[in-house]
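Each chain is listed here by its residues.
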Amino acid sequence: MEDCLAKKMEITVSEAEKRTGRNAMNIQETYTAYLIETRAVESQSEGQCAPVDSLWRRYSEFELLRNYLLATYPHIVVPPLPEKRADFVWHKLSADNMDPDFVERRRIGLENFLLRVASHPVLCQDKIFYSFLTQEGGWKEMVNETGFQLKADSRLKALNATFRVKNPDKRFTELKHYSDELQSVISHLLRVRARVADRLYGVYKVHGNYGRVFSEWSAIEKEMGDGLQSAGHHMDVYAASIDDILEEEEHYADQLKEYLFYAEALRAVCRKHELMQYDLEMAAQDLTSKKQQCEELATGTVRTFSLKGMTSKLFGQENPEQREAKIKVLEEQIQEGEEQLKSKNLEGRDFVRSAWADIERFKEQKNHDLKEALISYAVMQISMCKKGIQVWTNAKECFSKM
């Protein structure tokens, strides 16, 4: 971890800017660009102020970077990006992806994504990632030249592997089930939070009615007027504070959403293992079939029914020279198959070892982050309740002085 990029470079996504331009189809579009600023840490420790390098990136470029990382490091739980469009929001917040508040929260999420990658012991050393941070022009061409798209597995192939693997690894099966459950629990938690936020918004805003009524009442009372007016003022301030409070709460919700999306990153690792296991089983099956064919040709006996066997019976067996030639071809294919199977076994073992090491790292990170997020959320709720108690305490004092 001492060699990770986050220790050597300060990385921030400092601002977002709305822009208009033409896309690949020459259609005018409006999009948001994000300013990435980097500064070397080493020169700062020597008392010098390192220059800041900066460049602009679109959200789609962040997506391209993450797709590259997913294809290049299939054994790693790749950090997720923040949502492209708002979900699980309380109704007073806009779900528009151009809304300034949403863009600001996404800016923070994109910065967090870069810091996650820069802190990862493997991903931080990737040259394409470093170029993403430091090289504005030609970066897209550079990442496409890696041919990472060829490494990406199709969803159809992954789905086929899921249903046809005969001997799945129990650990990855359990992990896949856990990721489904984690996503379900966090989704439910976010829906409950959004409903609570809606109700809380209503309670706070109703206090504004208290303020209006007390103010109107104070106009017809001589002795009680000042106390009612003061109490109404406290209610108005309380009612107005909810917008900032719930906007702040959305940042805590975003921390939970990150792990909602991490669940899919976990499943991606599980799917890759299923694909490798499926390829291994298919290679073993093909090798067994070729060995059986070779044995049948050598002994002249057919163990199982096949179209080829029926054809031989109907039209006669091959002559010895033809049979020897076929046996020789099969023996070469068997040798290649055995080497391929050995290679796939080694590849599979390496994948499991590397994947499980990263999953353990992820679990430790998850436990720490979610504990911190939930504690912060609880502290904020306590603070909100204290604010309500203080408002009514102030109102009580105003009523006592009447």
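Notes on the structure in this doc start here.

Rules used throughout
- Residues numbered from 1 in each chain as written.
- Predicted model: local features only at pLDDT ≥ 70, side-chain atom pairs only at ≥ 80, totals over all residues.
- Heavy atoms only, no water.
- Helix = DSSP H or I, 4+ residues; strand = E, 2+ residues; numbered from the N terminus.
- Buried < 20%, exposed > 50% of the residue type's maximum accessible area, 1.4 Å probe, protein only.
- Contact = heavy atoms within 4.5 Å.
- Areas by Shrake-Rupley, 256 points an atom, 1.4 Å probe, with all protein chains shown as cover.
- Pairing = 2+ DSSP bridges.
- Axes fitted to C-alpha atoms, helices over the stretch in contact; angles between N-to-C directions.
- Salt bridge = Lys/Arg side-chain N within 4 Å of Asp/Glu carboxyl O.
- Phe/Tyr/Trp six-rings, centres within 6.5 Å; stacked < 30°, edge-to-face > 60°.
- Lys NZ or Arg CZ within 6 Å of the ring centre and 35° of its normal.
- Patch = residues over 30% accessible without salt bridge, like charges linked within 9 Å, V, L, I, M, F, W, Y side chains within 5 Å.
- Lys, Arg positive; Asp, Glu negative; His and termini not counted.
- Charge placed at Lys NZ, Arg CZ, Asp CG, Glu CD.
- Expected span 1.5 Å × (residues − 1).
- Parallel < 35°, antiparallel > 145°, perpendicular 65-115°, else oblique.
- Left-handed = near helix turned anticlockwise from the far one by under 90°.
- Nonpolar A, V, L, I, M, F, W, Y, C, P; charged D, E, K, R; others polar.
- Polar contact = N/O pair within 3.5 Å; in protein donor to acceptor, adjacent residues only side chain to side chain.
- Core = buried A, V, L, I, M, F, W, Y, C linked by side-chain atoms within 4.5 Å.

On to the overall build of the chain. Along the backbone of the chain there are 13 helices and 3 strands. Per-residue burial for the chain yields a buried fraction of 40% across its 402 residues. In the chain, the proportion of contacts linking residues at least 24 apart, taken out of those at least 6 apart, comes to 75%. Summing over all exposed atoms, the chain offers an accessible surface of approximately 23,600 Å²; the carbon and sulfur share of this is 53%.

Pairing is antiparallel across the open sheet formed by 3 strands, whose spatial order is 1-2-3. On the outer flanks of this sheet lie strand 1 (9-22) and strand 3 (53-58), each paired with one strand and no other. On average, adjacent strands in this sheet sit at an angle of 25 degrees to one another, irrespective of strand direction. In the sheet, strand 1 pairs with strand 2 (residues 28-40) via 13 bridges, with the strands oriented antiparallel. Bridging across to strand 2, Thr20 finds its partner in Thr30. Packed on one face of the sheet, helix 4 (residues 100-119) meets strand 1 and strand 2 and runs near 135 degrees to strand 1.

Next up on the list: the pattern of salt bridges. Enumeration according to the criterion identifies 26 salt bridges in this entry. We note a salt bridge from Arg39 to Glu10, for which the minimum N-O separation is 3.7 Å. Placement of Arg39 in strand 2 and of Glu10 in strand 1 is noted, with a sequence separation of 29 residues between them. A salt bridge links Glu216 to Arg212; its shortest N-O distance comes to 3.5 Å. You can see Glu216 and its partner Arg212 sitting in helix 9 (residues 170-218), 4 residues apart, about one turn around the helix. One salt-bridge network, in which partners are shared between bridges, spans Arg105, Arg193, Glu247, Glu249, Glu250 and Asp254.

Attention now goes to the environment of Pro100. Residue placement: Pro100 occurs in helix 4. Measuring from C-alpha to C-alpha, the distance between Pro100 and Glu17 comes to 9.8 Å, with 83 residues separating the pair along the chain.

Glancing now at the packing of aromatic side chains. By the definition in use, this model includes 13 aromatic pairs. When the ring of Phe62 is compared with that of Phe132, the centres are 5.1 Å apart and the planes differ by 75 degrees; the resulting orientation is edge-to-face. With Phe62 in helix 3 (residues 59-72) and Phe132 in helix 5 (residues 127-134), the pair connects residues that are 70 residues apart, well separated along the chain. Like Phe132, Phe62 is buried. Judged by centre distance (6.1 Å) and plane angle (15 degrees), the rings of Tyr210 and Phe214 are stacked. Taken together, the residues Tyr210 and Phe214, both in helix 9 and 4 residues apart, mark about one turn of the helix. Given the relative accessible area of 11%, Phe214 is considered buried. Among the aromatic residues, those joined into a cluster by ring pairs are Phe62, Phe113, Phe132 and Trp139. The ring of Phe132 has Arg57 lying over it, and the distance from NZ or CZ to the ring centre is 4.8 Å.

Judged by side-chain charge, Glu321, Glu324, Glu331, Glu332, Glu336 and Glu339 come together as a negatively charged surface patch. Looking at the secondary structure, you find Glu336 in helix 13 (residues 320-400).

Turn by turn, an α-helix covers 3.6 residues, leaving residues three or four places apart pointing in a common direction. Under the 1.5 Å per step criterion, the end-to-end length of helix 3 is 20 Å for 14 residues, consistent within 8% with the ideal 20 Å. Residues of helix 3 that are buried include every one of Tyr59, Glu61, Phe62, Leu64, Leu65, Arg66, Tyr68, Leu69 and Ala71, and no others.

Between two packed helices, the angle of one axis relative to the other and the distance separating the axes together describe the packing. Interhelical geometry of helix 9 versus helix 13 gives an angle of 15 degrees and a closest axis separation of 13 Å. With respect to their mutual orientation, helix 9 and helix 13 come out roughly parallel. In this structure, helix 9 meets helix 13 at a crossing whose hand is left-handed. Contacts between helix 9 and helix 13 involve Arg171, Phe172, Leu175, Tyr178, Leu182, Arg193, Leu200, Tyr204, His207, Tyr210 and Phe214 from the first element and Phe351, Val352, Ala355, Trp356, Ile359, Lys366, Tyr377, Met384, Trp392 and Phe399 from the second. Here the contact of helix 9 with helix 13 is composed, by residue class, of 17 nonpolar, 1 polar and 3 charged.

In this sheet, strand 3 lies alongside strand 2 in antiparallel orientation, the contact comprising 6 bridges. Across the sheet, the residue bridging to Tyr34 is Arg57, located in strand 3.

Residues of helix 5 that are buried: Ile128, Phe129, Ser131, Phe132 and Leu133. Among the residues of helix 5, the N-terminal cap falls to Asp126, whose side-chain oxygen and the backbone nitrogen of Ile128 are separated by 2.8 Å.

Moving on, we come to the nonpolar core. Counting residues in each nonpolar core, the largest one holds 34 residues, and the members touching the most others are Leu65, Leu114 and Leu133. Those elements giving two or more residues to this core turn out to be strand 1, strand 2, helix 3, helix 4, helix 5 and helix 6 (139-145). Per element, the largest residue contribution to this core is 7 residues, and it comes from helix 3. Here Leu65 is in contact with Phe113, Ile128, Phe129, Phe132 and Trp139, once residues within four sequence places are set aside. Residues Val77, Ile186, Trp356 and Leu370 belong to the second largest nonpolar core, which totals 23 residues.

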